[in-house]
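Observations on the three-dimensional arrangement
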Amino acid sequence: MKKNLLFVSFGDNTNFVDLWINDKQNYDIFGIYYGNDNLIYNKYKSKFTFIDKNIGDKFQNFNYIYKKKKLIEQYDYFFLLDDDIIINYNEINDMFDLSIKYKLKISTPSFLPAGKIGYPTLKHKQDVILSYTNYLDSKSLLFQKDALKNFMEVYDDSLIDYGIDVLCIWSNNIKSESNFAIVHDVQCINPKDNIKKNGRELLKIQYIEYGKDIWEKYSKNIDCLNRIIPKIYKNII
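All values derive from a computational prediction rather than experimental measurement.

Quick look at the nonpolar core now. Core analysis: the biggest nonpolar cluster contains 72 residues, and W20, I92, F143 and F151 have the highest contact counts within it. When near neighbours in sequence (up to four residues on either side) are disregarded, F151 contacts F59, F143, I164, L167, C168, S171 and N172.

In structure tokens, the structure reads:
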């Protein structure tokens, strides 16, 4: 019985199946399809341990599954990946293994300059295993079970495209200098918008244009930081 779970919320323009699915993977895959093409849904259906349909962004759709406790209670680590992130099954295996080895609460692979990089701290560093940090990219978060529970206790379905990067850290002892890490031994690419077939599918999600305002209001309501200034505490070589 596998203890690692990869979750993906996917639409009509994706090729993750060719990269992420292999007989040697050390994880199960749960997916939520937010498109409306039954041909695409049925094409991918056999590739998943669990699959369903729901309209929402990645975290809204993960919450849809998270509420079904019996589906996920067996897992110890959860990798929540955007469906367009370029990373292969060997690298995903390594992310789980390294997160376990270093007892990380939340981690993310490093990002290669061939794609988008949210902050310089997330950029891949050669000859570094991982960097302890206070900021991670919400496009590729790997949670330890208790860290995920802490995050989901303060998560709200009204949030969309803003605030997740802050909320996951804030809910898991933001002052810790060893809970969170960028794993440089594993690299990924976040494709630039201009090479995506139909742009960002996320932009089709309802209310996304209000995401920033929603986050600002919600963060005030729960007395959470509005943003984090990224920094590196220590590099492990």
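Another point: the pattern of salt bridges. Here the structure, examined in full by the defined rule, presents three salt bridges. A salt bridge links D157 to K67; its shortest N-O distance comes to 3.9 Å. Here D157, found in the loop between α6 (145–154) and α7 (164–170), pairs with K67, found in the loop between α3 (58–66) and α4 (69–72); they are 90 residues apart in sequence, far enough to count as distant. Since its relative accessible area comes to 58%, K67 is described here as exposed.

What follows deals with the side chain of S9. As for its placement among the helices and strands, S9 is situated in strand β1 (residues 4–10). Note on S9: relative accessible area 6%, which makes it buried. Separated by 2.8 Å, the side chains of S9 and N61 make a polar contact. In contact with S9, not counting residues within four places along its chain, are I32, Y34, G56, D57, K58, N61, L81 and D83.

The next subject is the packing of aromatic side chains. Going through the model one piece at a time under the given rule, you end up with 19 aromatic pairs. Ring geometry for Y33 and Y41: centres 6.0 Å apart, planes at 40 degrees, overall tilted. For Y33, a relative accessible area of 1% gives the class buried. Exposure remark for Y41: the relative accessible area of 9% places this residue in the buried category. Measuring from ring centre to ring centre gives 4.9 Å for Y119 and Y135, while their planes differ by 75 degrees; the resulting arrangement is edge-to-face. Here Y135 lies in the loop between β6 (130–133) and β7 (140–144) and Y119 lies in the loop between β5 (106–111) and β6, a separation of 16 residues in the sequence.

About the criteria used
Residues numbered from 1 in each chain as written. Predicted model: local features only at pLDDT ≥ 70, side-chain atom pairs only at ≥ 80, totals over all residues. Heavy atoms only, no water. Core = buried A, V, L, I, M, F, W, Y, C linked by side-chain atoms within 4.5 Å. Buried < 20%, exposed > 50% of the residue type's maximum accessible area, 1.4 Å probe, protein only. Contact = heavy atoms within 4.5 Å. Salt bridge = Lys/Arg side-chain N within 4 Å of Asp/Glu carboxyl O. Helix = DSSP H or I, 4+ residues; strand = E, 2+ residues; numbered from the N terminus. Polar contact = N/O pair within 3.5 Å; in protein donor to acceptor, adjacent residues only side chain to side chain. Phe/Tyr/Trp six-rings, centres within 6.5 Å; stacked < 30°, edge-to-face > 60°.

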